Amino acid sequence: MNKNKLIFSIIWIIIFILIVWGIKLLNSSWKSSWSDKWPADFVIWTYDLDKTRMDEVVEEFKSKAKEYEKKNIVVENFPSYDDYKDTLQAAIIAGKTPDVFMLNNFERSYLENYVSGINPNIISPNQFRKWFKTFLWNDLIRKWEDENWKETEFVIWIPVWYETLGIYFNRKFVLKPSDLESWAWVSNLIDTIKERNPDIVPLWIMNWSVDNNADVLTQFFMYWEWEPNSLDKVTETGIKEAFWSFDDYINSKNIDTGESDSDPQYYNPETSWSTNLELFSQWNEAMIIGYTSMINSLKESGFNNSFLYAAPFPHYFSGKWKTLVKYNYFVVNQHTVNDKLAYDFLAYLATEEGSKTFLSKFTYLLPALVTLEQDKLQEKLHDSYNLILWDFYKPEYDSLLSSFDKWIYSMYDQEIRSIIKDDYNFLEKIKTLQKVISCKYKKLYNIENLSKDCSLD
């Protein structure tokens, strides 16, 4: 090889080395940038749960599962369901979905397509039926059929808790929980409160200030028919009876003016524009409807701990019709690269130890595990109050607990609140809502009828 060729070869070797070094440097920089954006090896997304407490649950899990002791697990909590859902959908599109996330039983979500079922060897359906409340069986057990038409059952999601509606009441105006045994008793009690304390609102759902009034009406839907566990199954009769009952018990009983039932100005003028929670906390309202988690808001409002009592949301008659339940559940992202850790975490939450750990951090939630009921139901919702979870529980209602599928959670609540506020032609409005939500859901879930106009107008 002559001198020129040798020099030429050396130059090319140097250039090649520089190119390789540059690529490695660029790749290292890219990895560093990605690591800065996603600092965790394993990510859990929740909503409406205190992040610090969830971090404590994760640390307890890691202390029991030594193989993950040094694993970097980050919890992100969203205060709003709408915020959470929008971000989760954006994350799916961007390919940055968390390893474990949460969904809600009010929405048989189209996000179900992005989660993985649980191997029966980890948690079998038979085990699930033995461990968990009966209403969860229909919600969380799925069937899969192979090419030979053989069916296999599997658990798809893991719940830890649930909530039911109840009536918080001020002992100054309501003497005992038995006064709230049925809606007939509540009706009599409202008349008594009005007679004794004419300036006090007995019970009221103010449309603009109450988050759960859509659920109150939903509960009335479930009172009038045996299987109204979904918006599409609510019949014309059920709609009429629910609205008449809602008006009768929640609005009309509070007004003597003969004016519009829904206009706040006909209540105590000094507090008419206060929120429902403020009215109750200021002792201008005798009773307020809410979930067990409302105890946190009552504490923040400064309600006197000596006068706060509660009772289960009453039925028309004992032991009949369905009782609405609300809960969130943990799911595994089908594209996670940490599937073993994800399933181990869900399996931990399904054990007594894991559930106890979780519920010790979130004391206001009812246990999904049957074996925890006896002890857990005797515990306080909040350290500042004497209320216990048993105050929201009735054994005779146990077999009646049921989810309600709103199809599209946020849209359902928004439209129901609007209809409650102005219930003229409520029957046609609910029927229209049924059609519109069905139309939108088919676009989102089945990816069909994409050109169809689903507007409410």
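Conventions adopted
Residues numbered from 1 in each chain as written. Predicted model: local features only at pLDDT ≥ 70, side-chain atom pairs only at ≥ 80, totals over all residues. Heavy atoms only, no water. Helix = DSSP H or I, 4+ residues; strand = E, 2+ residues; numbered from the N terminus. Buried < 20%, exposed > 50% of the residue type's maximum accessible area, 1.4 Å probe, protein only. Contact = heavy atoms within 4.5 Å. Pairing = 2+ DSSP bridges. Axes fitted to C-alpha atoms, helices over the stretch in contact; angles between N-to-C directions. Parallel < 35°, antiparallel > 145°, perpendicular 65-115°, else oblique. Left-handed = near helix turned anticlockwise from the far one by under 90°. Phe/Tyr/Trp six-rings, centres within 6.5 Å; stacked < 30°, edge-to-face > 60°. Lys NZ or Arg CZ within 6 Å of the ring centre and 35° of its normal. Nonpolar A, V, L, I, M, F, W, Y, C, P; charged D, E, K, R; others polar.

Asker: Can you walk me through the overall build of the protein chain in this structure?
Answerer: When its secondary structure is counted, the protein chain shows 15 helices and 16 strands. For the protein chain, the proportion of its 457 residues judged to be buried stands at 50%. For the protein chain, the share of sequence-separated contacts (at least 6 apart) that also reach a separation of at least 24 residues comes to 73%.

Asker: Help me understand the sheet that holds strand β13 (residues 323-326) in this model?
Answerer: The pairing of strands in a sheet happens through backbone hydrogen bonds and is either parallel or antiparallel. What the four strands build is an open sheet, ordered β15-β8-β13-β16; its pairing is mixed. If you trace the sheet from one side to the other, it starts and ends with β15 (366-367) and β16 (401-402), each paired once. Sheet topology places β13 next to β16; two bridges connect them, and they run parallel. From the neighbouring strand, Thr 323 faces β16, where its bridge partner is Leu 401.

Asker: How should the packing of helix α14 (residues 409-421) against helix α15 (residues 426-446) be read in this particular structure?
Answerer: The relative placement of two packed helices comes down to the angle between their axes together with the axis-to-axis distance. Between α14 and α15, whose axes approach to 11 Å, the crossing angle comes to 165 degrees. On the basis of their axis angle, the class for α14 and α15 is roughly antiparallel. Handedness of the crossing formed by α14 with α15: right-handed. Judged by residue contacts, Met 411, Tyr 412, Glu 415, Ile 416 and Ile 419 of α14 engage Phe 426, Lys 429, Ile 430, Leu 433, Val 436, Ile 437 and Lys 440 from α15.

Asker: Please explain the environment of Thr 87 as it appears in this structure.
Answerer: On the secondary structure map, Thr 87 appears in helix α3 (residues 81-94). Of the residues examined, Thr 87 reaches a relative accessible area of 30% and is grouped as partly exposed. Sequence separation between Thr 87 and Thr 97 is 10 residues; the distance between their C-alpha atoms is 9.5 Å. Excluding residues within four positions of it along the chain, Thr 87 makes contact with Trp 45 and Phe 78.

Asker: Would you mind showing me how to read the packing of aromatic side chains here?
Answerer: Any two aromatic rings considered together are summarised by their centre-to-centre distance and by the angle between their planes. Under the definition given, this model contains 34 aromatic pairs. Where Phe 128 meets Phe 132, the ring centres are 4.4 Å apart and the plane angle is 20 degrees; that geometry is what we call stacked. Geometrically, the ring pair formed by Phe 243 and Phe 426 is stacked, given 4.4 Å between the ring centres and 20 degrees between the ring planes. Taken as a pair, Phe 243 in helix α8 (residues 236-251) and Phe 426 in helix α15 lie far apart in primary sequence, 183 residues in all. The same class applies to Phe 243 as to Phe 426, namely buried. Over the ring of Tyr 309 we find Arg 171, and its NZ or CZ is 4.6 Å from the ring centre. In this arrangement the basic side chain of Lys 406 is found over the ring face of Phe 106, its NZ or CZ atom lying 4.1 Å from the centre.

Asker: How should I be thinking about the environment of Asn 296 in this particular structure?
Answerer: Along the chain, the position of Asn 296 falls in helix α10 (residues 294-301). Its relative accessible area of 25% is what places Asn 296 among the partly exposed residues. Taking the C-alpha atoms as reference points, Asn 296 and Tyr 364, 68 residues apart in sequence, are found 8.4 Å from one another. Those residues in contact with Asn 296 that lie beyond four places of it in its chain are Tyr 364 and His 382.

Asker: Any chance you could explain the packing of helix α2 (residues 51-64) against helix α12 (residues 352-361) here in plain terms?
Answerer: Between α2 and α12, whose axes approach to 9 Å, the crossing angle comes to 155 degrees. Between α2 and α12, the angle is such that the two are roughly antiparallel. Considering the relative orientation of α2 and α12, their crossing is right-handed. Contacts between α2 and α12 involve Arg 53, Met 54, Glu 56, Val 57, Glu 60 and Lys 64 on the former and, on the latter, Glu 353, Thr 357, Phe 358 and Lys 361. By residue class, the composition of the contact of α2 with α12 is three nonpolar, one polar and six charged.

That's the geometry; what it means functionally is another story.
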